[in-house]
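# Inside the fold
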Amino acid sequence: LLHIYCGDIAIRTRFRTTFLNLTAWTQREFQDVDEEFLNFKVMFIVGRKENTTTPVKLIEEMINHDDLFYGEDLIETGPRLRYKILRGMRRSLEEFEYKYLVKADQDTLIDLPHLTAGLSTLKRDNVYTGFCNLQLHDKYKGTRYCQGGGYVLSRDVIEKIVAIDTASPDCCIEPEDGYVGWLVRMASIKHDISDEMPQTSMDIIH
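First, a word on scope: everything that follows refers to the structure included in this document. Quick caveat: nothing in here was measured; it's all calculated off a predicted structure.

Procedures and definitions
Residues numbered from 1 in each chain as written. Predicted model: local features only at pLDDT ≥ 70, side-chain atom pairs only at ≥ 80, totals over all residues. Heavy atoms only, no water. Disulfide = S-S within 2.5 Å. Helix = DSSP H or I, 4+ residues; strand = E, 2+ residues; numbered from the N terminus. Buried < 20%, exposed > 50% of the residue type's maximum accessible area, 1.4 Å probe, protein only. Axes fitted to C-alpha atoms, helices over the stretch in contact; angles between N-to-C directions. Parallel < 35°, antiparallel > 145°, perpendicular 65-115°, else oblique. Left-handed = near helix turned anticlockwise from the far one by under 90°. Contact = heavy atoms within 4.5 Å. Nonpolar A, V, L, I, M, F, W, Y, C, P; charged D, E, K, R; others polar. Phe/Tyr/Trp six-rings, centres within 6.5 Å; stacked < 30°, edge-to-face > 60°. Lys NZ or Arg CZ within 6 Å of the ring centre and 35° of its normal. Salt bridge = Lys/Arg side-chain N within 4 Å of Asp/Glu carboxyl O. Polar contact = N/O pair within 3.5 Å; in protein donor to acceptor, adjacent residues only side chain to side chain.

### Section: the state of the cysteines
One pass over the full model with this rule turns up 1 disulfide. Put simply, C132 and C146 are joined by a disulfide, and their sulfur atoms are 1.8 Å apart. Across the disulfide from C132 to C146, rotation about the S-S bond amounts to roughly 85°, and the bridge is consequently right-handed. Taken together, the residues span a long stretch of sequence, with C132 in the loop between β5 (128-130) and β6 (134-135) and C146 in the loop between β7 (144-145) and β8 (150-154) at a distance of 14 residues. By relative accessible area, which is 1% here, C132 ends up buried.

Structure follows, in structure tokens:
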């Protein structure tokens, strides 16, 4: 799941043709990776700029590529990034069967062989990992979260997150990665999950 601004077509093209494309790597680099972890789907979640209509080039891109998920009601501003990520999580559950969701930023270089090999070492449930030594402050103090450049969530955690009432005033945390960390914490409390999340000992991203 990658959030990339609607006008950044060149960046999405580069992702599709380089490190998120299996054919851009040699088979030898995946020789120790189980086949199921080579079956993945790229999701670009995009919105539109405020006071604009949907760009023609974006419409053309959506016709030619099935990895683009557009929300006309998603305004592309920093403070609203958390809504894009949450929308992407919801759409992922509707569109795909999967074990893990990997979220990355547009300036993150993904080592696909390293990532897929790492995913195969994770447990199946209650996974939230990445570079997770960050903490929220003020009234959210103590909530740890994973750096937004890249983190992993298991499907069951995504299902619990999207069931949370995000209309609550307490859901206005910035930035996006801290917001996701808070959502994971709320889901963990609501469902009485005893597993520690995030798991700093299972970082397969970095």
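### A word on the packing of helix α3 (residues 81-95) against helix α6 (residues 176-190)
Orientation of α3 relative to α6, taken along the N-to-C sense of each, is 50°, at an axis distance of 8 Å. For the element pair α3 / α6, the angle class is oblique. In the packing of α3 onto α6, the handedness of the crossing is right-handed. Of the residues in α6, those in contact with L81, R82, I85, L86 and M89 of α3 are E176, Y179, V180 and L183. Residues belonging to the contact of α3 with α6 are distributed by class as follows: 7 nonpolar, no polar and 2 charged.

### Some thoughts on the packing of aromatic side chains
Under the definition given, this model contains 5 aromatic pairs. Centroid distance F15 to F19: 4.9 Å. Interplanar angle 55°. Geometry classified as tilted. With a relative accessible area of 3%, F15 lands in the buried category. A residue is classified by how much of its surface remains accessible, and F19, at 13% relative accessible area, is buried. Aromatic ring contacts, followed pair by pair, group F15, F19 and F44 into a single cluster. The lysine or arginine in question, R82, covers the ring of Y179, its NZ or CZ lying 5.8 Å from the ring centre. Just above the ring of Y98 sits the side chain of R155; from NZ or CZ to the centre is 4.9 Å.

### Thoughts on the pattern of salt bridges
A full pass over the atoms with the stated rule returns 15 salt bridges. Put simply, E61 and R12 hold a salt bridge, and the shortest N to O gap is 2.8 Å. Residue E61 is located in helix α2 (residues 56-64), and its partner R12 is located in helix α1 (residues 9-17); the two are separated by 49 residues in the primary sequence. Across the salt bridge formed by E36 and K99, the nearest N and O atoms sit 2.8 Å from each other. Taken as a pair, E36 in the loop between α1 and β2 (44-48) and K99 in the loop between α3 and β4 (100-104) lie far apart in primary sequence, 63 residues in all. On the accessibility criterion, K99 (37% relative accessible area) is partly exposed. Sharing partners across several salt bridges, the network here consists of R12, R16, E61 and D67.

### Brief notes about the side chain of K160
Here K160 shows up in helix α5 (residues 155-162). Residue classification places K160 among the buried residues on the basis of a relative accessible area of 18%. Those residues in contact with K160 that sit more than four places away from it in its chain are N126, A187, H191 and I193.

### As for the side chain of K103
Along the chain, the position of K103 falls in strand β4. Taking relative accessible area as the criterion, K103 reaches 0% and is therefore assigned buried. Polar contacts involving the side chain of K103 include one to the side chain of E176, which spans 3.1 Å. Every residue in contact with K103, bar those within four places of it in the chain, is listed here: L1, H3, I85, G148, G149, G150, Y151 and E176.

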